[in-house]
Amino acid sequence: MKRLIIPLLLAIALSMNAAPGMPVIKGERFPDTQGDHINAHGGGIMEKDGTYYWYGEHRGDGTPGSGQKGVVCYTSSDLHAWTPRGVVLAVTDTKGDPLEAGCIIERPKVVFCPATAKYVMWFHHELKGVGYGSAHSAVAVADNPLGPFRMLRTGRVNPGVMPVNLPSESVSKQWSDTLEWWTPQWRKAVDEGMFTVRDLDRGQMARDMGIFVDSDGKAYHIYSSESNLTLQIAELDSTFTRHTGKYVRLFPGGHNEAPAMFKHDGVYWMITSGCTGWEPNEARLMRADNILGPWKQLPNPCRGAEAEKTFCGQSTFVMRVGDSYTFMADIWNPKNLADSRHLWLPVKFDSDGVPFIDSPDSYRIASIE
Ligand code: GAL
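Residues numbered from 1 in each chain as written. Predicted model: local features only at pLDDT ≥ 70, side-chain atom pairs only at ≥ 80, totals over all residues. Heavy atoms only, no water.

## Considering the pairing of strand β20 (residues 324-331)
Walk down a regular strand and you will see the side chains alternate between the two sheet faces.
Inference 1: Burial runs high along β20: eight of the eight residues are buried.
Inference 2: Residues of β20 alternate between two faces, with S324, T326, M328 and D330 on one and Y325, F327, A329 and I331 on the opposite face, all of them buried.
Inference 3: Taken together, the seven bridges between strand β19 (residues 314-321) and β20 define a ladder with antiparallel strand orientation. Across the sheet, residue M319 finds its bridge partner in β20, namely T326.
Inference 4: If you look at the hairpin formed by β19 and β20, you'll find two residues sitting between the two strands, and G322 has a positive phi there, around 60 degrees.
Inference 5: In terms of strand pairing, β20 meets strand β21 (residues 341-349) through seven bridges, oriented antiparallel. Opposite Y325, over in β21, you have V347 as the bridge partner. (Buried < 20%, exposed > 50% of the residue type's maximum accessible area, 1.4 Å probe, protein only. Helix = DSSP H or I, 4+ residues; strand = E, 2+ residues; numbered from the N terminus. Pairing = 2+ DSSP bridges.)

## Some remarks on the site of the ligand
Inference 1: Around the ligand, the structure places E106, R107, Y132, D208, E257, G277, W278 and Q314.
Inference 2: In this structure, an oxygen atom belonging to the ligand sits 2.9 Å away from a side-chain N or O atom of Q314.
Inference 3: When the ligand sits alone it has 310 Å² of accessible area, and the protein chains cover 89% of it.
Inference 4: Considered class by class, the residues forming the shell around the ligand number two nonpolar, two polar and four charged. (Near = heavy atom within 4 Å. Polar contact = N/O pair within 3.5 Å; in protein donor to acceptor, adjacent residues only side chain to side chain. Areas by Shrake-Rupley, 256 points an atom, 1.4 Å probe, with all protein chains shown as cover. Nonpolar A, V, L, I, M, F, W, Y, C, P; charged D, E, K, R; others polar.)

## Regarding the layout of surface pockets
Inference 1: Its volume calculated, the largest pocket comes out at about 750 Å³.
Inference 2: Forming the walls of the largest pocket are 33 residues, and the residues nearest its centre are I45, F212, V213, F317 and R320.
Inference 3: Going through the elements one at a time, β2 (41-48), β6 (104-113), β10 (209-213), β14 (257-264) and β19 are the ones with two or more residues in the lining of the largest pocket.
Inference 4: When its residues are assigned to classes, the lining of the largest pocket shows 21 nonpolar, six polar and six charged.
Inference 5: What the second largest pocket holds in volume is close to 310 Å³.
Inference 6: Of all the secondary structure elements, the ones that give two or more residues to the lining of the second largest pocket are β4 (70-76) and β5 (83-90).
Inference 7: Taken together, the residues of the lining of the second largest pocket sort by class into six nonpolar, ten polar and five charged. (1 Å grid on protein atoms, 1.4 Å probe; cavity = no way out; pocket = protein on both sides within 12 Å on 5 of 7 lines; lining within 4 Å. Points joined across faces, edges and corners; volume = space filled by probe spheres on them.)

## A few points about empty space enclosed by the protein
Inference 1: This model, assessed by the stated rule, comprises one cavity of 30 Å³ or more.
Inference 2: Roughly 30 Å³ of internal volume is contained in the largest cavity.
Inference 3: Taken together, A40, G42, G43, W54, T316, M328, A329, D330, H342 and W344 form the lining of the largest cavity.
Inference 4: Residue assignment for the lining of the largest cavity shows that the elements contributing at least two residues are β2, β20 and β21.
Inference 5: Taken together, the residues of the lining of the largest cavity sort by class into five nonpolar, four polar and one charged.

## Brief notes about the pattern of salt bridges
Inference 1: Tallied over the entire structure, the rule returns 19 salt bridges.
Inference 2: For D143, the salt bridge is made with K118, and the minimal N-O distance between the two is 2.7 Å. Remark: K118 occurs in strand β7 (residues 118-126) and D143 occurs in the loop between β8 (136-142) and β9 (150-155); sequence separation between them is 25 residues.
Inference 3: A single network of salt bridges, built from pairs that share partners, joins E57, R59 and E106. (Salt bridge = Lys/Arg side-chain N within 4 Å of Asp/Glu carboxyl O.)

This is the structure we're talking about:
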């Protein structure tokens, strides 16, 4: 029997197409080198000089009322064993400080900026006491990947500037503020830029986000804007700490969150989620030949059991190591966010080069032995 099982498992393992050595995490506890579940959520990974740095949201210590301490970092040389490196951007006790404890820090992403030799962190930031009302992005820098990161700015994006793909005539357009959401008239108004124009003076809202550094060295900020209805991609300057003013809107009214962008064979891909808070929903896949568009939406990239719920996860990052790509997602536990689980699954490509992700169910078989 074993003689039959081993080749079968081998065949399954090979068909999984997971790059050898890449970890596959299926929502089980993911202990760090001290045995504690990794408390880094909505995060992403940066590689520098052979070390992987995993930055994520600290989500309290699991006891009721324990809040976020800031952004935490874990390091690894093999992507399997992760050493906790503590808080690299900390909340403060100072009243009125933008980072006053009680503010919300989500989806931190760190990149190295060659022009300044600094590590640059962007994150979704909500000031204390206003729920999700600020819709800010914040940027912090450090000389060392382990911090401490120093906050430079928090605010909306590109105040006073119109997106390159929205006709400036929209600025003078009037929309009725009694339009009922999701009606065809409302959809048309969203498409025409009703929310972009609403936020023009203050700057565009920016909640769930990612940062992508292109092969030509340019960096981009990708974020859910316009009351989470529309994605925007904004170019960053050579310091990676400022928006240049050049930005585009994608999928107006598409309700996309949790953008995770990657590039494969010259094509830009993005996996996003819908907007259902901590509840999982069906992932979306988008592709473009040019980062600033046009972007096209394709069917759900997830396949197999629970594909319609992204296997209970929500995208946060696609990690590229050599030619292999790993889809990273959070399985949120809103009752104890610190215990939210991690999903790391290989991104495979079909014969047309379109990425897809198989249900973790198919991996269980391979791990029986
Ligand atoms: C999700 C979002 C998370 C967090 C959560 C709060 O939609 O992706 O980052 O903001 O809502 O409910």
